[in-house]
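Spelled out, the chains give:
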Amino acid sequence: MLNQRANLIKIFTIATLFTACNDASFSGDAPVRTASLKKALDSEPETAPSTTPPPAGPVETNENPLPPAETVELPTPVPPVASIPPVTATSDTITVEETFTQQGLNGSADIAIVIDDSGSMKEEQTNLSTKLNDLVVALKDSNWQIGVVTTSPKVVNGADSCEITMIRSTDTDREKKFIAAVTPGVAGSGNEEGIRQAVNALKCSETPWVRKDSTVAVLIVSDEDNCSADGKDCPNSPAKTEQYLIDYIEKTLKREVGKTAGFYGIFAPVGEKCDTAGSVGTQYQRLVEYKAGMEMNYGNICDQSYKGTLERISNNIAKLLSSQFTLKKYPDQGTVMVTGVKSSGDMIAPSDYSVLGNVITFKSGSEPALGSEITLNYKVTTVITH
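Since we're looking at a predicted model, the values are computed, not measured. (Residues numbered from 1 in each chain as written. Predicted model: local features only at pLDDT ≥ 70, side-chain atom pairs only at ≥ 80, totals over all residues. Heavy atoms only, no water.)

A. Here's a closer look at the overall build of the chain. The helix and strand inventory of the chain stands at 9 helices and 14 strands. With 386 residues in all, the chain has 39% of them scored as buried. When the accessible surface of the chain is summed, it comes to about 23,500 Å², and 56% of that surface belongs to carbon and sulfur atoms. (Helix = DSSP H or I, 4+ residues; strand = E, 2+ residues; numbered from the N terminus. Buried < 20%, exposed > 50% of the residue type's maximum accessible area, 1.4 Å probe, protein only. Areas by Shrake-Rupley, 256 points an atom, 1.4 Å probe, with all protein chains shown as cover.)

Below you can see the structure in the form of structure tokens.
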């Protein structure tokens with residue numbers, strides 16, 4: 001029964017296929033094409049499929065090719081620096097004690113005197129000539145020397161020449177020399193150049209005389225002002241004002257006015273009566289008051305006698321000599337202590353003195369008493385590096 005059904009199914013399938021073939025239309029060359037296709041397929045070798053078609057023409061090259069990569073040289077490795085041991089410092093402080101005796105008004109004083117030699121100065125020169133002892137009365141214990149020039153410059157080959165007369169404390173004929181030096185006559189220039197000549201006297205290259213560590217004093221004696229009247233008659237000169245002399249003292253000679261140098265004068269003071277003077281000493285007034293403190297460093301050229309003026313000037317110069325003491329070492333700031341008695345009888349106080357470097361300076365009126373002994377204690381610190 002089953003076999004019969006299977007046979008019926010086969011017969012039905014064959015019949016169906018046959019009917020479909022009859023309905024299909026075929027061209028006459030169908031069998032030929034079929035055979036050719038089969039032959040081509042059988043004879044063509046198998047090739048791997050290409051996903052990218054070959055280019056149709058020549059391959060284009062880039063006109064601006066990238067530059068070749070630069071070669072970078074790496075820095076040579078630096079070996080590590082050996083560690084430097086730290087610098088250490090230690091300090092050593094010592095206490096120093098020194099003793100000084102106030103032996104009087106001693107020291108070295110170099111005094112330049114400029115004397116007017118114009119036609120109106122005959123009586124004034126004579127007045128001064130006998131007064132050497134008054135000028136040095138307070139300097140008797142010091143090593144002083146005096147250089148005298150006139151207010152008339154001496155020019156040789158276009159340059160100022162120093163014509164100076166020297167009088168020293170060691171001269172046996174010092175009074176005679178002084179008289180001759182300050183009475184040079186009255187045939188000099190009517191244009192008195194006291195400032196210019198003061199500098200010429202101090203720097204005198206022909207006869208050097210100013211000592212390295214001396215106290216310097218300048219005394220100008222004239223009945224007219226510098227360059228006749230406050231510089232009027234020498235407007236183009238570097239010495240037309242008192243500043244020319246101040247600069248030479250402070251910058252060239254390295255002195256400190258009021259401590260190691262001073263300016264003094266006998267002239268016609270501002271505001272004082274002086275009938276015989278040719279002009280008021282305007283510049284000279286400013287000069288003698290420069291850093292003078294409360295000291296009166298001048299007198300009137302019209303005075304009948306210069307004795308009192310010269311004694312006052314002598315005392316003021318002497319104060320510069322007796323007020324300073326040089327220490328052996330450089331003390332630490334603020335450590336100097338002084339034990340002693342002032343000339344007034346009072347004990348010396350810290351406010352009575354100042355210290356600059358290794359030099360102690362007492363204020364005017366606070367100097368140690370004559371013949372007294374003063375003791376200085378101070379500290380000195382030395383730094384040592386290891």
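B. Seen up close, the packing of aromatic side chains. Applying the stated criterion to the full structure yields 5 aromatic pairs. Summarising the aromatic geometry, the rings of phenylalanine 100 and phenylalanine 325 are spaced 5.3 Å apart at their centres and angled 50° between planes, so their arrangement reads as tilted. Of this pair, phenylalanine 100 sits in strand E1 (residues 89-101) while phenylalanine 325 sits in strand E10 (residues 324-326), and the two are 225 residues apart along the sequence. Across the pair, phenylalanine 325 and phenylalanine 100 agree in class, each one buried. (Phe/Tyr/Trp six-rings, centres within 6.5 Å; stacked < 30°, edge-to-face > 60°.)

C. Just the side chain of asparagine 226, in detail. Checked against the element boundaries, asparagine 226 lands in the loop between strand E7 (215-221) and helix H7 (243-252). Reaching out from asparagine 226, the side chain makes a polar contact with the backbone nitrogen of glycine 194 at a distance of 3.3 Å. For asparagine 226, the residues in contact, after removing those within four places along its chain, are Glu192, Glu193, Gly194, Ile195, Gly231, Ala239, Lys240, Thr241, Gln283 and Tyr284. (Polar contact = N/O pair within 3.5 Å; in protein donor to acceptor, adjacent residues only side chain to side chain. Contact = heavy atoms within 4.5 Å.)

D. Fine view of the sheet that holds strand E14 (residues 373-385). Reading across the sheet, the 3 strands line up as E1-E14-E11 and stay open at both edges, with antiparallel pairing between neighbours. What marks the edges here is a single partner per strand, and that holds for E1 and strand E11 (337-339). Strand-to-strand twist of the sheet, defined as the mean angle between neighbouring strand axes without regard to direction, takes the value 20°. Relative to E14, E11 runs antiparallel, the two being bridged by 3 bridges. (Pairing = 2+ DSSP bridges. Axes fitted to C-alpha atoms, helices over the stretch in contact; angles between N-to-C directions.)

E. Geometry of the side chain of glutamate 124. Inspection of the secondary structure puts glutamate 124 in helix H3 (residues 122-129). Look at glutamate 124: it is buried, it has no salt bridge, and the nearest opposite charge is lysine 122 at 9.8 Å. (Lys, Arg positive; Asp, Glu negative; His and termini not counted. Salt bridge = Lys/Arg side-chain N within 4 Å of Asp/Glu carboxyl O.)

F. Quick peek at unusual backbone geometry. Residue asparagine 157 is not a glycine yet carries a positive backbone phi of 55°. With respect to the secondary-structure elements, asparagine 157 resides in the loop between strand E4 (154-156) and strand E5 (159-161). A residue is classified by how much of its surface remains accessible, and asparagine 157, at 79% relative accessible area, is exposed. The phi torsion at lysine 254 lies on the positive side, around 60°, for a residue other than glycine. Relative to the helices and strands, lysine 254 is located in the loop between H7 and strand E8 (261-267). Take lysine 254: its relative accessible area is 65%, and that puts it in the exposed class.

G. Representation of the state of the cysteines in the model. On inspection of all chains with the given rule, the structure shows 3 disulfides. Covalent S-S linkage joins cysteine 227 and cysteine 234, the inter-sulfur distance amounting to 1.6 Å. Here cysteine 227 and cysteine 234 share a disulfide; its torsion about the S-S bond, 85°, makes the bridge right-handed. Comparing cysteine 227 with cysteine 234, the two get one shared label, buried. A sulfur-sulfur distance of 1.8 Å marks the disulfide that ties cysteine 274 to cysteine 302. When the S-S torsion is 75°, as for the bridge of cysteine 274 with cysteine 302, the disulfide is right-handed. In this pair, cysteine 274 is assigned in the loop between E8 and helix H8 (282-289) and cysteine 302 in the loop between strand E9 (298-300) and helix H9 (307-322), connecting sequence segments 28 residues apart. (Disulfide = S-S within 2.5 Å.)

H. Molecular detail of the nonpolar core. Grouped together as the largest cluster of nonpolar side chains are 34 residues, with contacts concentrated most on Ile146, Leu219 and Ile301. Sorting the residues of this core by element identifies strand E2 (108-115), helix H4 (132-135), strand E3 (143-150), helix H5 (174-182), E7, E8 and H9 as the ones contributing at least two each. Sorting elements by how many residues they give to this core places H9 first, with 6 residues. With sequence-adjacent residues up to four places away left out, isoleucine 301 is seen in contact with Met121, Glu124, Val221, Ser222, Asp223, Ile266, Phe267, Ala268, Cys274, Ala277 and Tyr306. Residues Tyr248, Phe267, Tyr284 and Tyr298 belong to the second largest nonpolar core, which totals 30 residues. (Core = buried A, V, L, I, M, F, W, Y, C linked by side-chain atoms within 4.5 Å.)

I. Examining the environment of glutamate 289 more closely. Structurally, the position occupied by glutamate 289 is in helix H8. In this structure glutamate 289 comes out as partly exposed when scored by relative accessible area, which is 48%. With 25 residues separating them along the chain, glutamate 289 and tyrosine 264 place their C-alpha atoms 8.6 Å apart.

J. Local environment of the pattern of salt bridges. In total, this model carries 13 salt bridges according to the counting rule given. Linking arginine 286 and aspartate 230 is a salt bridge whose minimum nitrogen-to-oxygen distance equals 3.3 Å. Of the two residues, arginine 286 sits in helix H8 while aspartate 230 sits in the loop between E7 and H7, which places them 56 residues apart along the sequence. Exposure remark for arginine 286: the relative accessible area of 36% places this residue in the partly exposed category. In this structure, the salt-bridge partner of lysine 273 is aspartate 275, at a minimum N-O distance of 2.9 Å. We classify lysine 273 as exposed; its relative accessible area is 64%. The exposed category is assigned to aspartate 275, whose relative accessible area is 61%. Each of Asp134, Lys307 and Glu311 takes part in salt bridges that share partners, so that together they form one network.

K. Highlighting H7. All of the buried residues in H7 are Leu245, Ile246, Tyr248 and Ile249. Projected down its long axis, H7 carries its buried residues within an arc of 160°, all on one side. As for H7, its buried residues are in contact with helix H6 (194-203), E7, E8 and H8. Within two residues after H7, lysine 254 carries a phi angle of roughly 60°, on the positive side. (Arc of directions from axis to C-beta.)

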